[in-house]
Amino acid sequence: MKVAFFSSKTYDRESFEKHNTFSGIELTFFEAPLNPDTAGLSQGFQAVCVFVNDRLDAPVLETLAGNGVGLIALRCAGFNNVDLAKAAELGIRVMRVPAYSPEAIAEHALALILTLNRKTHKAFNRIREGNFSLEGLTGFNLYGKTVGVIGTGKTGFAFARIMLGMGCQVVAYDKYPSEKLKEMGVHYTDFNALLKTSDIISLHCPLTPETHHLFDTRAFRKMKLGAMLINTSRGAVIDTRDAIEALKSHKLGYLAIDVYEQEEKLFFRDLSESILQDDTIARLMTFPNVLITAHQGFFTHEALGQIASVTLNNIHDFSRGLSSENEVRLG
Ligand code: NAI
């Protein structure tokens, strides 16, 4: 079973080679992302292994199908980058890694909150330059604050549990409330009430037509003045241009994003010697109360190991014609 592995990085190769105990699975690592220009590389492969910013739209899927690719093995949970209807039409199966250490993402959301709030990134730089002043570093206690969680699936659950442990009041919005979280003290409410009452809001919902630009000017207007917004889900859940306006007007007090609407042109690459072409992220980078990380929520040893072993099992199931609970189907 030959697998073309797109968007590969050193850490992918290390974890996949370590966990590939299947003699029948042969991985070929391409650094290039999968898109219409690179889809031709799939010639001679039965499966492609892809990540969050690889593009699996209709033209790419047609090339894959023409080259005999029968499986898209997503090494991530989200599948918003795959045209599922087209894949089904072409008979290409799609599998994913539904859960890999949700605690990794939840803990990263906490890291973003603490960094933005207590400004440890600024203190680190100051101290290195011999500046021991505390001016401008004032933060706030998390204890007793109201934290709103949008989406209480795996990562939202882990995040809510952490915030309860910090002594916060946790409110949540999800069409499918978790009984366990309710027992733990989380209060479910509607979207508008969550916006109105939360000091901090953390996003843990998938990107769907319903959640696309869920946080736009209308939502920012309903939020508490100076509230903090954390996004570790998918970039387009926030309308970035509206977020910039909300920051400029001081309505939004803090913003931390691990995901960005146009991240496929930026993230996972060293662009430090390039001229940044994205004026929106360039503007965001100028705010003292904005923190950006480049989609590293998942990036722990534990999560990388789980991603590799589940993805390889998915490929193995496909090669043996087995059904899989990790298969992504339409609807
Ligand atoms: P999940 O599927 O376990 O939970 C998602 C929850 O969101 C579900 O409870 C669902 O009912 C809820 N939901 C769906 N639509 C909603 C809406 N309109 N409003 C409120 N809630 C809604 O997914 P999981 O594992 O918690 O991941 C969430 C998202 O986080 C993924 O879809 C993915 O896009 C992103 N993610 C980001 C990572 C990172 O490295 N930053 C890593 C892993 C996932």
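Predicted model, so just to flag it, every value in this text is computed and none were measured. (Residues numbered from 1 in each chain as written. Predicted model: local features only at pLDDT ≥ 70, side-chain atom pairs only at ≥ 80, totals over all residues. Heavy atoms only, no water.)

Visitor: Looking at this structure, how should I read a nonpolar patch on the surface?
Guide: Taken together, the side chains of Leu-271, Leu-276 and Met-285 make up a nonpolar region of the molecular surface, amounting to roughly 250 Å² of accessible area. When you line up the elements, Leu-271 lands in the loop between β11 (252–257) and α11 (279–284). (Patch = residues over 30% accessible without salt bridge, like charges linked within 9 Å, V, L, I, M, F, W, Y side chains within 5 Å. Areas by Shrake-Rupley, 256 points an atom, 1.4 Å probe, with all protein chains shown as cover. Salt bridge = Lys/Arg side-chain N within 4 Å of Asp/Glu carboxyl O. Helix = DSSP H or I, 4+ residues; strand = E, 2+ residues; numbered from the N terminus.)

Visitor: Just to check I follow, could you spell out the pattern of salt bridges for this structure?
Guide: Pairing between side chains becomes possible if they bear opposite charge and their charged atoms approach one another. Per the counting criterion, the structure on display carries twelve salt bridges. For Asp-12, the salt bridge goes to Arg-75, with nearest N and O atoms at 3.8 Å. In this pair, Asp-12 is assigned in helix α1 (residues 10–19) and Arg-75 in the loop between β4 (71–74) and α3 (84–90), connecting sequence segments 63 residues apart. Grouping residues by exposure puts Asp-12 and Arg-75 together as buried. (Buried < 20%, exposed > 50% of the residue type's maximum accessible area, 1.4 Å probe, protein only.)

Visitor: Looking at this structure, I do not really get the side chain of Ser-42. What am I missing?
Guide: For Ser-42, the position within the fold is in the loop between β2 (26–29) and β3 (47–50). Judged by relative accessible area, which is 0%, Ser-42 ranks as buried. Leaving out residues up to four positions away in the same chain, Ser-42 has contacts with Val-48, Leu-64, Asn-67 and Val-69. (Contact = heavy atoms within 4.5 Å.)

Visitor: Could you clarify how one ought to interpret the packing of helix α4 (residues 102–118) against helix α6 (residues 154–165) in this entry?
Guide: Two quantities define a packed helix pair, namely the angle between the helix axes and the distance between the axes. Between α4 and α6, the least distance of the axes is 8 Å, while the angle of their chain directions is 50°. Our classification of the angle between α4 and α6 gives oblique. When you trace α4 past α6, the crossing you get is right-handed. On the side of α4, the interface is formed by Pro-102, Glu-103, Ile-105, Ala-106, Glu-107, Ala-109, Leu-110 and Ile-113, while α6 contributes Lys-154, Thr-155, Ala-158, Phe-159, Arg-161, Ile-162 and Met-163. Tallied by class, the residues present in the contact of α4 with α6 amount to ten nonpolar, one polar and four charged. (Axes fitted to C-alpha atoms, helices over the stretch in contact; angles between N-to-C directions. Parallel < 35°, antiparallel > 145°, perpendicular 65-115°, else oblique. Left-handed = near helix turned anticlockwise from the far one by under 90°. Nonpolar A, V, L, I, M, F, W, Y, C, P; charged D, E, K, R; others polar.)

Visitor: What is the right way to read helix α2 (residues 58–66) from this model?
Guide: Each α-helix turn comprises 3.6 residues. Residues three or four places apart therefore point the same way. Inspection of α2 places Val-60, Leu-61 and Leu-64 among the buried residues, and these make up the whole buried set. Along the axis of α2, the buried residues cluster in a sector spanning 95°; they form a single face. For α2, the secondary structure elements touched by its buried residues are β3, β4 and α3. Directly after α2, the chain includes Gly-68, whose backbone phi takes a positive value near 90°. (Arc of directions from axis to C-beta.)

Visitor: When you look at the nonpolar core in this model, what are you seeing that I'm missing?
Guide: Side chains that are nonpolar tend, in soluble globular proteins, to be buried together. Counting residues in each nonpolar core, the largest one holds 48 residues, and the members touching the most others are Phe-16, Leu-34, Val-48, Leu-64 and Ile-72. Counting residues per element, this core draws most heavily on helix α12 (residues 301–319), which supplies seven residues. Here Leu-64 is in contact with Leu-34, Ala-39, Ser-42, Val-48, Leu-56, Val-69, Ile-72 and Ile-92, once residues within four sequence places are set aside. By size, the runner-up hydrophobic cluster in this structure holds 31 residues, among which are Val-171, Ile-201, Leu-252 and Val-290. (Core = buried A, V, L, I, M, F, W, Y, C linked by side-chain atoms within 4.5 Å.)

Visitor: Help me understand the packing of α1 against α12 in this model?
Guide: Between α1 and α12, the least distance of the axes is 9 Å, while the angle of their chain directions is 55°. As the angle between them shows, α1 and α12 are arranged oblique. Crossing angle aside, the handedness with which α1 passes α12 is right-handed. Two secondary-structure elements touch here, α1 through Tyr-11, Ser-15, Phe-16 and His-19 and α12 through Leu-304, Gly-305, Ile-307, Ala-308, Ser-309, Thr-311 and Leu-312.

Visitor: How should I be thinking about the side chain of Asp-239 in this particular structure?
Guide: Tracing the chain through its elements places Asp-239 in the loop between β10 (227–231) and α10 (240–248). This buried residue, Asp-239, is left without a salt bridge; Arg-241 holds the nearest opposite charge, at 6.0 Å. (Lys, Arg positive; Asp, Glu negative; His and termini not counted.)

Visitor: Teacher, can you tell me more about the domain arrangement of the chain here?
Guide: Accessible area lost upon the coming together of the parts serves often as the stated size of an interface. Splitting the chain by domain gives domain 1 (2–100 + 301–319) and domain 2 (102–292). Averaged C-alpha coordinates put domain 1 and domain 2 at centres separated by 30 Å. Each partner contributes to the interface: domain 1 provides eleven residues, whereas domain 2 provides nine residues. Where domain 1 abuts domain 2, roughly 880 Å² becomes buried across the two surfaces, and 57% of that area is made up of carbon and sulfur atoms. Three residues stand out in domain 1 for area buried against domain 2, namely Asn-53, Asn-80 and Tyr-100, and they jointly supply 50% of the buried area on that side. Across the contact surface, domain 1 and domain 2 share three residue pairs in polar contact (both at pLDDT 80 or more). In terms of residue class, the side of domain 1 that touches domain 2 is made up of seven nonpolar, three polar and one charged. (Domains from an automatic or database assignment. Buried area = accessible area lost by both parts, 1.4 Å probe. Polar contact = N/O pair within 3.5 Å; in protein donor to acceptor, adjacent residues only side chain to side chain.)

Visitor: Explanation requested: the site of the ligand in the structure shown.
Guide: The environment of the ligand is made up of 23 residues, and the closest members are Lys-154, Thr-155, Asp-174, Thr-232 and Asp-258. Between an oxygen atom of the ligand and a main-chain N or O atom of Gly-153, the distance comes to 3.3 Å. Interatomic distance of 2.6 Å between a side-chain N/O atom of Asp-174 and an oxygen atom of the ligand. Taking 870 Å² as the accessible area of the ligand by itself, protein coverage stands at 87%. Of the residues in the shell around the ligand, the class split is eight nonpolar, ten polar and five charged. (Near = heavy atom within 4 Å.)

Visitor: Even after reading the chapter, I still don't get the sheet that holds strand β6 (residues 146–150), so can you show me in this structure?
Guide: Two pairing modes exist for strands in a sheet, parallel and antiparallel, and in both the strands are linked by backbone hydrogen bonds. One open sheet accounts for seven strands, arranged β8-β7-β6-β9-β10-β11-β12; its pairing is parallel. With partners counted over all chains shown, the strands left at the sheet margins are β8 (187–188) and β12 (290–292), one partner each. Where β11 and β12 come together, three bridges link them in parallel fashion. Opposite Ala-256, over in β12, you have Leu-291 as the bridge partner. On the sheet, α4 packs against β9 (200–203), β10, β11 and β12 and is oriented at approximately 145° with respect to β10. Its contacts with the sheet put α10 on β11 and β12, and the angle it makes with β11 is roughly 140°. (Pairing = 2+ DSSP bridges.)

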